[in-house]
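Now for the letters of each chain:
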Amino acid sequence: MTVEHVEIRPGAYADSVALLQVSRDVAATPGVAAAQVAMATDLNLEVLAGMGFTLPPASLNDMVVALRLDDEAALPAALAAVDAALAAARKGSTSGDTTVAAPRTTGSALRRAGGGLALVSVPGASALVEAMDALDAGSDVMVFSDNVPVEQELAMKQIARSRGLLVMGPDCGTAVVGGVGLGFANTTEPGRVGIVAASGTGCQQVLALLDRAGVGVSAALGVGGRDLSTAIGGISTMTALDRLDADPSIEQVIVVSKPPAPEVAAAVEEYAAGLGTPVRFALLGGDQPDITTQVEGLLADLGVAVPEWPTWGTPATATGGSALRGLFVGGTLCDEAMLLAAQSLGPVRSNIPLSPELALGSDLTADGHLMIDFGDDGLTRGRAHPMIDPTLRLDHLAKVAQDPETAVILLDVVLGHGAQADPAADLAPAIAAARGVREVPVVVACVGTSADPQGLERQAEALAAAGAEVHLSNAAATRRAVALVSGGTL
Amino acid sequence: MNQPANATIPNQAPAAVAAVGADMFAAAVEAQAVPVERVDWKPPMEGTVDDLATVAADPLRRDANALAVSRMLDVQAMLVGVAPASELLGLEKGQFLHAGPPIEWARTAGPLRGALMGAAAFEGLVEDPEDAVALFESGTEVTLEPCHHRSAVGPMAGVVSPSMWMFVLEDPATGRRTYCSLNEGLGKVLRYGAYSAEVLERLRWMRDSLGPLLAEAVEAAGPIDATAILGQMLQMGDEAHNRNRAGTLMLLRDLAPHLVRSSRPAEDVAQALAFVGGNDHFFLNVAMPACKLALDAGRDIEGSTMVVAMARNGTDFGIQVSGTGDQWFTGPAQLADGLFLGDYGPEDANPDIGDSAITETAGIGGFAMAAAPAIVRFVGGTVPDALATSRRMREITIGENNRWPIPVLDFAGAATGIDVSAVCRTGILPQINTGMAGRVAGVGQVGAGLVTPPASIFPAALAALAERTRSRGAGA
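Residues numbered from 1 in each chain as written. Chains lettered and ligands numbered in written order. Predicted model: local features only at pLDDT ≥ 70, side-chain atom pairs only at ≥ 80, totals over all residues. Heavy atoms only, no water.

Chemist: Can you help me understand the overall build of chain B in this one?
Modeler: The secondary structure content of chain B amounts to 16 helices and 18 strands. Taken over the C-alpha atoms alone, chain B extends approximately 80 × 50 × 45 Å along its principal axes. Sorting the 476 residues of chain B into buried and exposed places 62% on the buried side. In chain B, of all internal contacts separated by at least 6 residues, the share reaching a separation of at least 24 is 71%. Carbon and sulfur atoms form 52% of the exposed surface of chain B, whose accessible area is close to 16,100 Å². Chain B carries 34 positive and 54 negative side-chain charges, and their two centres are separated by 3 Å. (Helix = DSSP H or I, 4+ residues; strand = E, 2+ residues; numbered from the N terminus. Buried < 20%, exposed > 50% of the residue type's maximum accessible area, 1.4 Å probe, protein only. Contact = heavy atoms within 4.5 Å. Areas by Shrake-Rupley, 256 points an atom, 1.4 Å probe, with all protein chains shown as cover. Lys, Arg positive; Asp, Glu negative; His and termini not counted. Charge placed at Lys NZ, Arg CZ, Asp CG, Glu CD.)

Rendered as structure tokens:
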């Protein structure tokens, strides 16, 4: 007879990634059937309720420890495991002097470091306050946090622009500065291209393709997915362009973005035309070329031959069903796939729909074509990004595999610093299980470089071995998936 | 375009990264051989998230705070005179000043009550202090007003009546002045709420002998630089709130020749020298108005989140903030945690009282605990606690005061300029060193220890700052 133990720890705090690890460590303790240690955000409370736990009232700043135990006797060991895992997750002072505590604010940390760049990944509601510390210290800041209100984004960017400073983000997943990857970033050689990216995974796709073509990147400055919206007006894009233009090592700049506001795109293009360095715009949209095509154009600008983009695994074959189901961790990759698929398949339902009537309900299911971005704000409030915590996507993979309507499953895997240490370790068995049902074709875009910590080839081969058809180019992967839905092969 | 000092150079790795939030990103940067300073981030105080964002995005805030701190640090507090409150403040018979935010008689705590009763007898309004209760209850012939409202500060009960003599501190650059009564010593004293015959006798002696003597000596000595003495005190083991031994002796050193040359009889001079020299807290009443003089210079700057006063009346703890004018934000005064004299215990202590937290507001006292290892045991702490406390206070202050270096912290300046928003962000409350007065009127001092303000007053002040920001149409 299993027993349930739920306790609220008011005022305890740890970040969502640390708690993910804590939950895993505790779940592995003998006698523990299930364990979830999480901050009491709405989303986490839903997840806990979904796991069958009965929850007392809790506020946002409380930590919830929820355990399902084989029997009452397992409780002391389980609680000890919780405390040990929490203690392990807590980073103490790096100094041996017990009278020096770690800095408590970004401003204090910058004072101690004597300046530098700030990297902010606190919950979105608190991101502006930390980012302003950086701007007040005369430092640039990368804001990884999502769920930052747009008026706060505008405020921090206006202040930054007035002081000649750069705000990368909010919701900036990727940047490379002087060869240092920030957030989710791929390892590439330094070189003559500069990237401005209003899209993290779009930037990673460009990095991966350029690396394959043997072209190095001097810097990739993220600006956040909303920078080219009407509300923000491309403020950080212009600052980032200024920075890259001032760098003599950069011969060519490429701007990559999710679908921008047309008038902002026009204004930024006009601004870029006034710079000394040529700028190419890879802006996603209805009739715009996909990112791979734009990178091919960039290579032509540089006089570099376009290589054949690699694939791994056996070409998939159609086995029935009528619907394309895309499960993404990268928002831009999801956008790009929807734009390409919609051209031949018609409407695609999504949690980040191309038009409002295509929006999915909260259960994230629909008949027909469907693409989900698991990295969207709505699914990451109070929990880690799916490039770190794959749980939600793996659940949905099993669901869509069982749906006879599913003709093809399209996935992305994004490698680099910050991402899961070995995504294929979770995903390959899940793909094999999905194909175990009825050999449903699985096409994967695996975005990364050979020098990434996970290793592009190792990951792609593991996924291929599980039965997936793997591409480096998301556009190529999407075209293959579309062809399989249409019943044929390309 | 001219780039700021820490601006990102695209082809150069950042010199350091300050990382706040998920540790994995910090670890990923560290793995690329870039030094990382990790922030120990915790969610802010309950209910402050939106107001914090509004105030953070206020375009006035950064410069307003920089101005508030620089104005404060620019002040040179010079002791220029000693004179009766009636002359200096225009205080008339029946008018009383007290420590802390405004309060009416009905809500006064024992020590303030006792001090007012004693002061009424001292002014001759009643024969017996006990008779003063009716006088204050009726409220017709007496008025109560915070010291702070008259450019003054009062330790503990802080009661000032017209006949009491006061130190005058002046900022030569602006001519602004602040005031504080003369320190009566420890134990059974008016400021701790005692009002026995010996207390009143001492007050009369201070009025008739000590005050005039000091006035003559200060006049003859010329302005005495209190700000500089404070800096030296921190080098000599004082934190200038609970320990003022070095400061007292330095003041005495400056005044002694002039006391000896005064027109008063040698016996009076000897008494004065013995009294001041035997009273380790004598300089506190110079330190306090020196701090107030500096903090007042930082007042009334729109958009500034700097605290300019912390004060308690034994019932309420109140703060004032530069960007919100004269508004008080108050909450219940807390009981100090510390050590007790004789047989006294926690049940005998009154909640926190006095304007002396002006020293912490200015960056000394509890903020400079590391400078005063000799008192950390007296206030219930250890030397490592003192070092940690002084460092922790840097997390909630805007700047540091290079005129007040702390030797043991490698001569780092005292943490200065409490930032309301930093308090709300970190949940770190200002650390105050304090004396404890007896709960019952007439008892006097019962101990000393450590105390913090009630947490609620900082979110309240932040909300008012945010409201002003929004009404200016600024901020997110």
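Chemist: I would appreciate a short explanation of the overall build of chain A in the present structure.
Modeler: Counting its regular elements, chain A contains 16 helices and 19 strands. For chain A, with 490 residues in total, the buried portion stands at 60%. With an accessible surface of roughly 17,000 Å², chain A has 54% of that area assigned to carbon and sulfur atoms. Taking the average place of the 28 positive charges on the side chains of chain A and the average place of its 55 negative ones, the gap between the two points comes to 2 Å.

Chemist: Help me out: how do you make sense of empty space enclosed by the protein in this one?
Modeler: A water-sized probe, rolled over the atoms, reveals where empty space remains. Scanning all chains against the criterion turns up 7 cavities of 30 Å³ or more. Of the voids in this model, the largest cavity is the one considered here, and its volume is about 180 Å³. In this structure, the largest cavity is lined by 16 residues; those nearest its centre are B:Met164, B:Ser181, B:Leu182, B:Glu184 and B:Leu203. The biggest single contributor to the lining of the largest cavity is helix α7 (residues 197–221) of chain B, with 3 residues. Here the lining of the largest cavity is composed, by residue class, of 9 nonpolar, 4 polar and 3 charged. Each pocket or cavity is described by its volume, and for the second largest cavity that value is around 120 Å³. Forming the walls of the second largest cavity are 13 residues, and the residues nearest its centre are A:Pro386, A:Pro390, A:Arg393, A:Gln420 and A:Pro423. For the lining of the second largest cavity, the secondary-structure elements that each account for two or more residues are α13 (391–402), β17 (406–414) and α14 (423–438) of chain A. Residues of the lining of the second largest cavity, tallied by class, amount to 10 nonpolar, 1 polar and 2 charged. (1 Å grid on protein atoms, 1.4 Å probe; cavity = no way out; pocket = protein on both sides within 12 Å on 5 of 7 lines; lining within 4 Å. Points joined across faces, edges and corners; volume = space filled by probe spheres on them. Nonpolar A, V, L, I, M, F, W, Y, C, P; charged D, E, K, R; others polar.)

Chemist: Can you walk me through unusual backbone geometry in this structure?
Modeler: Residues apart from glycine generally show negative phi values, whereas peptide bonds are mostly found in trans. Here A:Gly169 and A:Pro170 are connected by a cis peptide whose omega angle stands at 0 degrees. Turning to its location among the elements, A:Pro170 is positioned in the loop between β6 (167–168) and β7 (174–177). Positive phi, close to 60 degrees, is recorded for A:Asn147, a residue that is not glycine. Along the polypeptide, A:Asn147 turns up in the loop between β5 (141–143) and α6 (150–162). Of note in this structure, B:Met156 is not a glycine but carries a positive phi near 45 degrees. Relative to the helices and strands, B:Met156 resides in the loop between β6 (152–153) and β7 (165–170).

Chemist: Help me understand a nonpolar patch on the surface in this model?
Modeler: Residues and elements named next belong to chain B. Taken together, the side chains of Leu 341, Tyr 344 and Phe 378 define a hydrophobic patch exposed on the protein surface, amounting to about 240 Å² of accessible area. You can see Tyr 344 is positioned in the loop between β13 (337–340) and β14 (353–354). Look at Tyr 344 and you get partly exposed, because its relative accessible area is 33%. (Patch = residues over 30% accessible without salt bridge, like charges linked within 9 Å, V, L, I, M, F, W, Y side chains within 5 Å. Salt bridge = Lys/Arg side-chain N within 4 Å of Asp/Glu carboxyl O.)

Chemist: What is the right way to look at the interface of chain A and chain B in this model?
Modeler: Frequently, the measure chosen for interface size is the accessible area removed from exposure when the parts meet. With 70 residues of chain A in contact, the opposing surface of chain B contributes 53 residues. Buried surface at the junction of chain A and chain B, summed over both partners, amounts to about 5,500 Å²; 60% is from carbon and sulfur atoms. For the chain A face of the interface with chain B, the top three residues by lost area are A:Thr99, A:Arg104 and A:Leu119, together amounting to 14%. Where A:Arg112 meets B:Glu395, a salt bridge forms, and the shortest distance between an N and an O atom there is 2.8 Å. Between chain A and chain B we count 25 residue pairs in polar contact (both at pLDDT 80 or more) in total. Elements represented by at least two residues in the side of chain A that touches chain B include exactly α4 (106–113), β4 (117–121), α5 (127–136), α6, β8 (180–183), β10 (217–222) and α8 (235–245) of chain A. Looking at the side of chain A that touches chain B, the element that brings in the most residues is α4(A), giving 7 residues. Here β4(A) pairs with strand β1 (residues 17–21) of chain B via 5 bridges, running parallel. Bridge pairing in β1(B) places A:Val120 opposite B:Val20. (Buried area = accessible area lost by both parts, 1.4 Å probe. Polar contact = N/O pair within 3.5 Å; in protein donor to acceptor, adjacent residues only side chain to side chain. Pairing = 2+ DSSP bridges.)

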